[in-house]
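Listed below, chain by chain, are the residues.
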Amino acid sequence: MKAKLLLALVSVALTTGTAIAQVKPEDAIKYRQSGYAFMAWNMGRIKQNVEGNFNKDEVVKAANAIQAIANSGMGALYLPGTDKGKGWEESRAKPEIWTDKEKMGKVATEFVKEANEMAKVAAGGDAGAVKAQLGKLGGTCKGCHDDFRVKK
């Protein structure tokens, strides 16, 4: 229930320009951590399907969830003051997210492109194509983590 509420709040905050300005830094960190965790769970669902019994409907649901969050405008949650602090856990965002906007923009654009493609490929129902696209999508996650996320 808490996750549904957070997802709803993120959606509202991202669709109304004034709402995002009113988000406290620690809440913005929670919202973005929740979005990334939800996407990771859905990537895991797809992975289970391509490594086990492939269920197209499950893959489509997971791919559509990833696509929705990827296109939601999560970049708006990188507000001033959210470079440090605690959401559900300490933020692991590197300072380069705020200082290397060109590179961050390219990484984010590539992720959105691959998330959109994942939804298209999932709808086709070809397990091999889904597995290949999952690798491309996962590669965009890794690229962002390598450049913009502090390792634990």
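Located above this text is the structure these notes cover.
Remember, predicted model here, so these are calculated numbers, not experimental data.

Here is what the cut-offs are and how they apply
Residues numbered from 1 in each chain as written. Predicted model: local features only at pLDDT ≥ 70, side-chain atom pairs only at ≥ 80, totals over all residues. Heavy atoms only, no water. Core = buried A, V, L, I, M, F, W, Y, C linked by side-chain atoms within 4.5 Å. Buried < 20%, exposed > 50% of the residue type's maximum accessible area, 1.4 Å probe, protein only. Helix = DSSP H or I, 4+ residues; strand = E, 2+ residues; numbered from the N terminus. Contact = heavy atoms within 4.5 Å. Axes fitted to C-alpha atoms, helices over the stretch in contact; angles between N-to-C directions. Parallel < 35°, antiparallel > 145°, perpendicular 65-115°, else oblique. Left-handed = near helix turned anticlockwise from the far one by under 90°. Nonpolar A, V, L, I, M, F, W, Y, C, P; charged D, E, K, R; others polar.

Undergrad: Now, about the nonpolar core: what can you tell me, with residues and values included?
TA: One finds Ile46, Ile66, Met118, Val130 and Leu137 to be the most contacted residues of the largest nonpolar core, which totals 24 residues. Among the elements of the structure, α3 (25-51), α4 (56-70), α6 (101-124) and α7 (127-148) are those that each provide at least two residues to this core. Setting aside anything within four residues of it in sequence, one finds Ile46 in contact with Val59, Ala62, Ala63, Ile66, Met118, Val130 and Leu134. One finds Tyr78, Ile97, Val107 and Phe148 within the second-largest nonpolar core, a separate group that totals 8 residues.

Undergrad: Describe the packing of α3 against α4, naming the residues involved and giving the relevant values.
TA: Running from amino to carboxyl end, α3 crosses α4 at an angle of 155 degrees, the nearest separation of the two axes being 9 Å. Classified by the angle their axes make, α3 and α4 are roughly antiparallel. In this structure, α3 crosses over α4, and the sense of that crossing is left-handed. Across the interface between the two elements, Gly35, Phe38, Met39, Asn42, Met43, Arg45, Ile46 and Asn49 from α3 touch Glu58, Val59, Lys61, Ala62, Ala63, Ala65, Ile66, Ile69 and Ala70 from α4. For the contact of α3 with α4, the per-class residue count stands at 11 nonpolar, 3 polar and 3 charged.

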